[in-house]
Amino acid sequence: MKESAPTGLSMRIIDRRQEVSLSITEIAEQLHFSPAYLNVLFRQEVKVTLKQYLSSYRLEKAKRMLEQNYDKITEIAEK
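What you are looking at is a predicted structure, and each value in this text was computed from that prediction instead of being measured.

## Describing helix α3 (residues 35-46)
Across its 12 residues, α3 extends 16 Å between first and last C-alpha, which sits within 8% of the 16 Å expected from 1.5 Å per residue. For α3, the full list of buried residues reads Leu38, Leu41, Phe42 and Glu45. All buried residues of α3 project into a common sector of 95° when viewed along the axis, lining one side. Set apart from the buried face of α3 by more than 90 degrees, the exposed residues are Ala36 and Gln44. Residues of α3 that are buried in the fold lie against α1 (5-16), α2 (24-31) and α4 (50-67). Directly after α3, the chain includes Lys47, whose backbone phi takes a positive value near 75°.

## Notes on the confidence of the model for the protein
Confidence in the prediction of the protein, expressed as mean pLDDT, is 84, and 85% of residues score 70 or more. Taken element by element, the predicted model of the protein shows its lowest mean pLDDT in helix α5 (residues 73-78) (70) and its highest in α2 (93).

## A closer look at the packing of aromatic side chains
Working definition: an aromatic ring pair is given by the centre-to-centre distance plus the angle between the planes. Counted under the stated rule, the structure contains 2 aromatic pairs. Measuring from centroid to centroid gives 5.6 Å for Phe33 and Tyr37, while their planes differ by 25°, and the two rings are stacked. Overall, Tyr37 belongs to the partly exposed group, its relative accessible area being 43%.

## Description of α2
Considered for burial, the residues of α2 that qualify are Ile27, Ala28 and Leu31. The buried residues of α2 occupy one face: seen down the axis, they fall within an arc of 95°. Packed against the buried residues of α2 are α1, α3 and α4. Residue His32 follows α2 closely and has a positive phi angle near 60°.

## Details of the nonpolar core
Ranked by size, the top nonpolar core spans 12 residues in total: Met11, Ile13, Ile14, Leu22, Ile27, Ala28, Leu31, Leu38, Phe42, Leu50, Leu54 and Tyr57. Looking at this core, the elements that each hand over two or more residues are α1, α2, α3 and α4. Aside from chain neighbours lying at most four places away, what touches Leu22 is Ile13, Ile14, Arg17, Ile27, Leu54 and Arg58.

The rules behind each value
- The numbers attached to residues start from 1 for each chain and follow its sequence in the written order.
- Only residues with pLDDT of at least 70 get local features here, since the model is predicted, and only at 80 or more are side-chain atom pairs given and counted; chain-wide, interface and lining totals rely on the full set of residues.
- With hydrogens and water set aside, each side-chain value is computed from the structure's full complement of heavy atoms.
- Helical segments are the DSSP runs of H or I of at least four residues, strand segments are the runs of E of at least two, and each set is numbered from the N terminus.
- Between the first and last residue of a helix there are one fewer steps than residues, each counted as 1.5 Å, and that sum is the expected span.
- Relative accessibility under 20% of the residue-type maximum defines a buried residue, over 50% an exposed one, and the middle range a partly exposed one, all with a 1.4 Å probe and only protein chains included.
- By definition, the arc is the one covered by directions from the helix axis to the C-beta atoms.
- The contact definition used throughout considers only heavy atoms, calling two residues in contact when any of these lie within 4.5 Å.
- pLDDT expresses, on a scale from 0 to 100, how confident the predictor is about each individual residue.
- In this analysis, rings of Phe, Tyr and Trp, with Trp reduced to its six-membered ring, are considered paired at centre separations within 6.5 Å, and the interplanar angle assigns stacked below 30 degrees, edge-to-face beyond 60, and tilted for intermediate values.
- Here, nonpolar core means buried Ala, Val, Leu, Ile, Met, Phe, Trp, Tyr and Cys residues that are tied together by side-chain atoms lying within 4.5 Å of each other.

Structural data, given as structure tokens:
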């Protein structure tokens with residue numbers, strides 16, 4: 001299934017801005033949507049909430065960093 005523009009753009013924002021402080025509200029503001037509406041769109045298309053997707057994205061990134069001996073665990077946790 002192809003994502004709509006808001007869903008695809010949300011994923012790209014998450015991919016580009018990987019800092020821990022990125023919030024759903026910030027993503028919604030960049031796309032000129034309310035956080036609640038963006039979350040509904042995201043869940044309809046991706047089958048998980050935007051928050052769940054963001055958490056999963058961060059966990060996978062940390063997992064890759066740990067597998068590659070990227071940094072100390074405490075440094076990875078801060079990213």
